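Structural description and commentary
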Amino acid sequence: MTLPTSVTVASYRPSVAQFIADAKPSLAITLAFHRPTLPAGAMQKTRLFHAMLDHAALGRNWLNRADERSSYIAVIEHLDTNLHVHLAMTCGDKHLDCVHEAATAIWRKLVPGGTIDIQPAYDVPGWGRYLSKEITPWTSDNLFLSEAASRQT
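Residues numbered from 1 in each chain as written. Predicted model: local features only at pLDDT ≥ 70, side-chain atom pairs only at ≥ 80, totals over all residues. Heavy atoms only, no water.

Considering the overall build of the chain
Along the backbone of the chain there are five helices and five strands. Going from the N terminus to the C terminus, the chain shows its helices and strands as α-β-α-β-β-α-β-α-β-α. For 153 residues, the compact-globule formula gives about 15 Å, and the C-alpha radius of gyration of the chain, at 15 Å, lands near that figure. Considering only C-alpha atoms, the chain reaches an extent of 55 × 35 × 25 Å along its principal axes. Across the 153 residues in the chain, those meeting the buried criterion constitute 46%. With an accessible surface of roughly 8400 Å², the chain has 55% of that area assigned to carbon and sulfur atoms. Across the chain, 14 positive and 14 negative side-chain charges occur, with their mean positions spaced 5 Å apart. (Helix = DSSP H or I, 4+ residues; strand = E, 2+ residues; numbered from the N terminus. Rg over C-alpha atoms; globule rule 2.2 N^0.38 Å. Buried < 20%, exposed > 50% of the residue type's maximum accessible area, 1.4 Å probe, protein only. Areas by Shrake-Rupley, 256 points an atom, 1.4 Å probe, with all protein chains shown as cover. Lys, Arg positive; Asp, Glu negative; His and termini not counted. Charge placed at Lys NZ, Arg CZ, Asp CG, Glu CD.)

Some words on the environment of Ser15
One can find Ser15 in helix 1 (residues 5-22). Expressed as a C-alpha distance, the spacing of Ser15 and Ser132, which sit 117 residues apart in the sequence, is 8.9 Å. A polar atom in the side chain of Ser15 sits 2.9 Å from the backbone oxygen of Ser11. (Polar contact = N/O pair within 3.5 Å; in protein donor to acceptor, adjacent residues only side chain to side chain.)

Some details on the pairing of strand 2 (residues 71-77)
In terms of burial, strand 2 is a largely internal element, seven of the seven residues being buried. Where strand 2 meets strand 3 (residues 84-90), seven bridges bridge the pair, whose relative direction is antiparallel. For Tyr72, the partnering residue across the bridge sits in strand 3 and is Met89. As consecutive antiparallel partners, strand 2 and strand 3 are separated by six residues, and within that stretch His78 has a phi angle of approximately 55 degrees, a positive value. Pairing of strand 2 with strand 5 (residues 143-145), which is carried by three bridges, proceeds in the antiparallel orientation. (Pairing = 2+ DSSP bridges.)

Quick word on the packing of aromatic side chains
A full pass over the atoms with the stated rule returns four aromatic pairs. When the centroid spacing of 5.7 Å and the interplanar angle of 85 degrees are considered together, the rings of Phe49 and Trp107 count as edge-to-face. Taken together, the residues Phe49 in helix 2 (residues 39-58) and Trp107 in helix 3 (residues 93-110) connect sequence positions 58 residues apart. Look at Phe49 and you get buried, because its relative accessible area is 0%. For Trp107, a relative accessible area of 0% corresponds to the buried category. Where Tyr72 meets Phe144, the ring centres are 6.0 Å apart and the plane angle is 85 degrees; that geometry is what we call edge-to-face. On the criterion of sequence distance, the pair formed by Tyr72 in strand 2 and Phe144 in strand 5 is long-range, its members being 72 residues apart. Following the ring pairs from residue to residue traces out a cluster consisting of Phe33, Phe49 and Trp107. Above the plane of the ring of Tyr130 lies Lys133, whose end atom (NZ or CZ) is 3.5 Å from the centre. (Phe/Tyr/Trp six-rings, centres within 6.5 Å; stacked < 30°, edge-to-face > 60°. Lys NZ or Arg CZ within 6 Å of the ring centre and 35° of its normal.)

Here it is, written out as structure tokens:
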């Protein structure tokens, strides 16, 4: 017997929202491309953006400083219209200063014409619900984690 879609989605979305809330993100970030982009390309650019941000915050040995790296949970939305990525980013104080200084320049370098919105994650449960609003068990490929977040699960 298969569960009706509504029952499955009704239990899945709150689980994703709780997963995001449990990560205790400090930043709510939206990365927009403003050009045709495939989900795989969006994931690749998001991962590169994250690596460049960690490098900017932690210096040239950033890769060896796993305990100090930031992490994120990301969701790709609107695949057929204006594809964009929402991130719930967990990071330390070093990153908070750096994000506001470097993130826009990093994103513009990676995606000319793209935009970035960075906000403090002041309503973490609300941000979790917002990120999970379009996710279903059948679209879970649009949900992805940074390497550091994957190690914490």
